[in-house]
Amino acid sequence: MQRILLTGASGQIGQALRRQLTPWLSVADQLYCPTRAEFDLSHPIQMQTWLDQHQPTLIINAAAYTAVDQAEQEPTLANQINHVAVKQLANWAAAHHARLLHYSTDYVFDGTRPMDTAYPETDATAPVNVYGQTKLAAEQAIVQAGGDAFILRTCWVYADQGRNFINTILQLARQRDGLSVVADQIGAPNHAERIAQNTVSILSTWCAEAPTPARVRLYHLSVAGQTSWYGIAQRVLKIAAAYEPLRCGVAQLKPIASVDYPTAARRPLNSRLATEQIRQQFAVDLPDWSVDLEQMLSRRYQG
């Protein structure tokens, strides 16, 4: 019997995981999805009490402080949620022979890799903002804890609902006559449902094995292909224009450089993640980035 703690269950990845985990669980398994009020990563004593009471055998940490720009003004809170709380989870899991699966980010890299190449797991990390620094510190804490853990780095996450780039572009296109979108940052948008599906596939293999203390596996989990934020906006508006009137269409999109759109936090220019390792080790499905985006918009417009 597994007792699974899913943190961040109300977030984009967390909601998708709840849907994907439900049919995967056996009748005897228990899935705990505590609310933030019940399990707050900014309150260590509350976390400790909950962990000791429920004794999870698998912790899936889908919670994070993801407001990248706000993190520059709230570094202490971002560090508590993204690093210190993860360290606590990792240490508890190692001490109680539980497994830990944690999501990390492309922002652990500085983005200076040549644009025609992708970052493998072995590349040196060098985060350029507080968010990336706190996520890297969490990775290091998991390794130091000495438990049986998985770290999955992904990037540019979106979902059908919630606050994300795709939904923001659609909202703005209904309101404005033109949009300027950054065109020199490249990566691959990852739908939360795809991340969740592949996570369950990995769990099926991992949980069939005996726990292995002091083994931390780090993989990049990202769909294939590459594009820019401008490229995503082009694809979204081209599809949406066939179903609804937009004040801003593809013709009114303007590509701009990152320097022309200043933000509180620096962003990596290259967020591409190499996925050869995870493809070789697990039965993951990582199609071109456009597949999930077009399917999401099809669901929205065609019911």
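All of these numbers come straight from a predicted model, not from anything done at the bench.

**Looking at the nonpolar core**
Next, step 1: The biggest cluster of nonpolar side chains holds 34 residues, and the ones touching the most others in it are Val-236, Leu-237 and Leu-293.
Next, step 2: Sorting the residues of this core by element identifies α6 (165–175), β7 (179–182), α8 (229–240), β12 (253–256) and α10 (289–302) as the ones contributing at least two each.
Next, step 3: Top element by residues in this core is α8. It accounts for eight residues.
Next, step 4: Discounting residues that sit within four places of it in the chain, Leu-293 has contacts with Tyr-158, Ile-166, Ile-232, Arg-235 and Val-236.
Next, step 5: Judged by nonpolar contacts, the second largest core, of 29 residues, contains Ala-9, Leu-101, Ala-196 and Ile-278.

**Some thoughts on empty space enclosed by the protein**
Next, step 1: According to the stated counting rule, one finds one cavity of 30 Å³ or more in the structure shown.
Next, step 2: The space that makes up the largest cavity amounts to roughly 40 Å³.
Next, step 3: Around the largest cavity sit Ala-90, Ala-93, Ala-94, Ala-98, Leu-100, Ile-142, Ala-145, Gly-147, Asp-148 and Ala-149, which together line it.
Next, step 4: Elements with a minimum of two residues in the lining of the largest cavity: α4 (75–95), α5 (130–145) and β5 (148–154).

**Regarding the pattern of salt bridges**
Next, step 1: For the structure shown, the criterion picks out 13 salt bridges.
Next, step 2: Across the pair Asp-148 and Arg-99 runs a salt bridge, and its minimum N-O distance is 3.6 Å. In this pair, Asp-148 sits in strand β5 while Arg-99 sits in strand β4 (residues 99–105), placing the two residues 49 residues apart along the sequence. Both residues of the pair, Asp-148 and Arg-99, belong to the buried class.
Next, step 3: Each of the salt bridges in this network shares a partner with another, and the network as a whole consists of Arg-99, Asp-148, Glu-209 and Arg-217.

**Focus: the packing of aromatic side chains**
Next, step 1: Inspection of every chain in the model, using the stated rule, returns 11 aromatic pairs.
Next, step 2: Consider the rings of Trp-156 and Trp-229, whose centres lie 3.8 Å apart with planes at 20°: the pair is stacked. Taken as a pair, Trp-156 in the loop between β5 and β6 (157–158) and Trp-229 in helix α8 lie far apart in primary sequence, 73 residues in all.
Next, step 3: Judged by its relative accessible area of 17%, Trp-229 is buried.
Next, step 4: It is Arg-113 that lies over the ring of Tyr-119; its NZ or CZ is 5.7 Å from the centre.

**A short note on the layout of surface pockets**
Next, step 1: Computed from the structure, the second largest pocket encloses a volume of approximately 190 Å³.
Next, step 2: What lines the second largest pocket is a set of 15 residues, among which Val-223, Ala-224, Leu-273, Ala-274 and Thr-275 lie closest to the centre.

**Quick notes on the packing of α8 against α10**
Next, step 1: Packing of α8 against α10 leaves a shortest axis separation of 11 Å and a crossing angle of 35°. By crossing handedness, the relation of α8 to α10 is classed as right-handed. Note on element contacts: α10 touches α8 through Trp-289, Ser-290, Leu-293, Glu-294, Leu-297 and Tyr-301, opposite Gly-231, Ile-232, Arg-235, Val-236, Ile-239 and Ala-240.
Next, step 2: By residue class, the composition of the contact of α8 with α10 is eight nonpolar, two polar and two charged.

**Focus: the packing of α6 against α10**
Next, step 1: Here α6 crosses α10 at 55°, and the two axes come no closer than 12 Å. Looking at the two axes, α6 sits oblique to α10. Relative to α10, the crossing made by α6 is right-handed. The residues of α10 that touch α6, namely those facing Ile-166, Asn-167, Leu-170 and Arg-174, are Leu-293, Met-296, Leu-297, Arg-300 and Tyr-301.

Analysis parameters
By convention here, each chain's residues receive numbers from 1 onward along its written sequence. Reporting of local features is limited, given that this is a predicted model, to residues whose pLDDT is at least 70; pairs of side-chain atoms are given and counted only at 80 or more, and all residues count toward the totals for whole chains, interfaces and linings. Side-chain calculation: all heavy atoms of the structure are included, whereas hydrogens and water are not. To qualify as a nonpolar core, a set must consist of buried Ala, Val, Leu, Ile, Met, Phe, Trp, Tyr and Cys residues joined through side-chain atoms within 4.5 Å. Working definition: with a 1.4 Å probe on protein chains only, accessible area under 20% of the residue-type maximum means buried, over 50% means exposed, and in between means partly exposed. Numbering of helices and strands starts at the N terminus; helices are DSSP runs of H or I of at least 4 residues and strands are runs of E of at least 2. In what follows, a contact means two residues having at least one pair of non-hydrogen atoms within 4.5 Å. Grid points spaced at 1 Å over the protein atoms alone were grouped into cavities, where a 1.4 Å probe fits but cannot get out, and pockets, open sets with protein on both sides within 12 Å along at least five of seven lines, with lining residues defined by an atom within 4 Å of a point. Grid points are joined across faces, edges and corners, and a volume is the space filled by probe spheres set on the points. Salt bridges are identified by distance alone: a Lys or Arg side-chain nitrogen within 4 Å of an Asp or Glu carboxyl oxygen. Aromatic pairing here means that ring centres of Phe, Tyr or Trp (its six-membered ring) are within 6.5 Å. Orientation follows from the plane angle: under 30 degrees is stacked, over 60 is edge-to-face, and everything else is tilted. A ring has a charge above it when a Lys NZ or an Arg CZ is no more than 6 Å from the ring centre and no more than 35 degrees off the ring normal. Helix axes are fitted to C-alpha atoms over the stretch in contact, other axes to C-alpha atoms as well, and angles between N-to-C directions run from 0 to 180 degrees. Put simply, a crossing is left-handed when the front helix is turned counterclockwise from the back one by less than a right angle, and right-handed when it is turned clockwise. Only Asp, Glu, Lys and Arg are considered charged, only Ala, Val, Leu, Ile, Met, Phe, Trp, Tyr, Cys and Pro nonpolar, and every remaining residue, Gly among them, polar. In these notes the angle categories are as follows: under 35 degrees is roughly parallel, over 145 is roughly antiparallel, 65 to 115 is roughly perpendicular, and the rest is oblique.

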